Amino acid sequence: MYKKVIAIISSSVVACSLLVMPMVFDTKAVSAKEVGNVKFKLSEQVKYGIVKAKNFENGSKISVLHKFENKAEVIDFVALANDKLNMLSSEKNFDQSFFATTTLEKALTLKEFENFVLKYDLDIYDYKIRFVENNGTRATISAKPTNNSLIDQAIIIDAVGENTLVGVIAFTSNVNKDNLVNLINMKNDNSVYLVDVDSYFIGQSIKEQNDKDIVKVKANDIYWYLEDYKLIK
């Protein structure tokens, strides 16, 4: 049994309270080949992506939810993601900041996650925390750094309540040409299963096809699939 409980914990949340929001911002489903009024062709690089979006005056906010039908598709996607990261690391004209989504090999305790972030000097945008309800149901909350602090344990513990806190299972980091090397160094860590840089290539592709800037592109992690297809312990 499992349940995807998605919540956002941020600086706008009063201590001991929880703001529940959709996982994909506040968006509605659209065709995978059209984002608002912007049409584009999805390349093989993002063939497993479902694109959702919301228009803004100077671009679009886009969320990519990967959808896999079987274990083989997950394995293919991971191989492709590794190729894309290598491609980006050799990009000569890399000048666009973006979100990179990292899916972990196993859940890290809050302290382990803090040490991990410090080790690789990561600029964290948000992170996913796994907890298990008393009936064995898996659930997830999403948290953001607050008040110059990566983790507000009081708010997280309050959100989890009497359920069992497992740890951080994935995170999204802000990446630019100056800190990309940190991502490259991190990808071979034993705690990391996948570093997904789809957001960079999707943003570039839409801009090239439509000459339109993208406000934000964010890809979801694949930890649930790793569990469901037993790709991790």
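The structure this text deals with has already been given above.
Basis of the calculations
Residues numbered from 1 in each chain as written. Predicted model: local features only at pLDDT ≥ 70, side-chain atom pairs only at ≥ 80, totals over all residues. Heavy atoms only, no water. Helix = DSSP H or I, 4+ residues; strand = E, 2+ residues; numbered from the N terminus. Buried < 20%, exposed > 50% of the residue type's maximum accessible area, 1.4 Å probe, protein only. Contact = heavy atoms within 4.5 Å. Areas by Shrake-Rupley, 256 points an atom, 1.4 Å probe, with all protein chains shown as cover. 1 Å grid on protein atoms, 1.4 Å probe; cavity = no way out; pocket = protein on both sides within 12 Å on 5 of 7 lines; lining within 4 Å. Points joined across faces, edges and corners; volume = space filled by probe spheres on them. Nonpolar A, V, L, I, M, F, W, Y, C, P; charged D, E, K, R; others polar. Salt bridge = Lys/Arg side-chain N within 4 Å of Asp/Glu carboxyl O. Pairing = 2+ DSSP bridges. Axes fitted to C-alpha atoms, helices over the stretch in contact; angles between N-to-C directions. Parallel < 35°, antiparallel > 145°, perpendicular 65-115°, else oblique.

### Things to note about the overall build of the protein chain
Then, number 1: Secondary structure assignment for the protein chain yields 6 helices and 12 strands.
Then, number 2: Counting every position in the protein chain, which comprises 233 residues, the buried fraction comes to 47%.
Then, number 3: Sequence-distant contacts, at least 24 apart, represent 73% of the contacts inside the protein chain between residues at least 6 apart.
Then, number 4: Surface summary for the protein chain: the accessible area is close to 11,900 Å², and the carbon and sulfur share equals 47%.

### Remarks on empty space enclosed by the protein
Take a probe with the size of a water molecule and roll it over the atoms, and the empty space left behind shows itself.
Then, number 1: For the coordinates displayed, the defined rule picks out 3 cavities of 30 Å³ or more.
Then, number 2: Estimates place the volume of the largest cavity at around 50 Å³.
Then, number 3: Forming the boundary of the largest cavity are Thr-101, Asp-126, Tyr-127, Lys-128, Ala-170, Phe-171, Thr-172, Lys-218, Ala-219, Asn-220 and Asp-221.
Then, number 4: Contributing elements (two or more residues each) for the lining of the largest cavity: strand S8 (124-132), strand S10 (164-175) and strand S12 (216-219).
Then, number 5: Looking at the lining of the largest cavity, its residues break down into 4 nonpolar, 3 polar and 4 charged.

### Focus: the pattern of salt bridges
Then, number 1: A complete count under the given rule lists 7 salt bridges for this structure.
Then, number 2: For Lys-218, the salt bridge goes to Asp-126, with nearest N and O atoms at 3.2 Å. Here Lys-218, found in strand S12, pairs with Asp-126, found in strand S8; they are 92 residues apart in sequence, far enough to count as distant.
Then, number 3: Where salt bridges share partners, they join Arg-130, Arg-138, Glu-227 and Asp-228 into one cluster.

### Regarding the pairing of S10
Then, number 1: Here strand S7 (residues 98-108) runs beside S10; their pairing, made up of 7 bridges, is antiparallel. For Thr-103, the partnering residue across the bridge sits in S10 and is Ala-170.
Then, number 2: Pairing geometry for S8 and S10, over 8 bridges, is antiparallel. Bridge pairing links Val-132 to Thr-164 in S10.

### Considering the packing of helix H1 (residues 71-89) against helix H5 (residues 198-210)
Then, number 1: Packing of H1 against H5 brings their axes to within 9 Å, and their N-to-C directions diverge by 70°. Here H1 lies roughly perpendicular to H5, going by the angle between them. Where H1 abuts H5, its residues Phe-77, Lys-84, Met-87 and Leu-88 lie against Asp-198, Tyr-200 and Phe-201.
Then, number 2: Across the contact of H1 with H5, the residue classes break down as 5 nonpolar, no polar and 2 charged.

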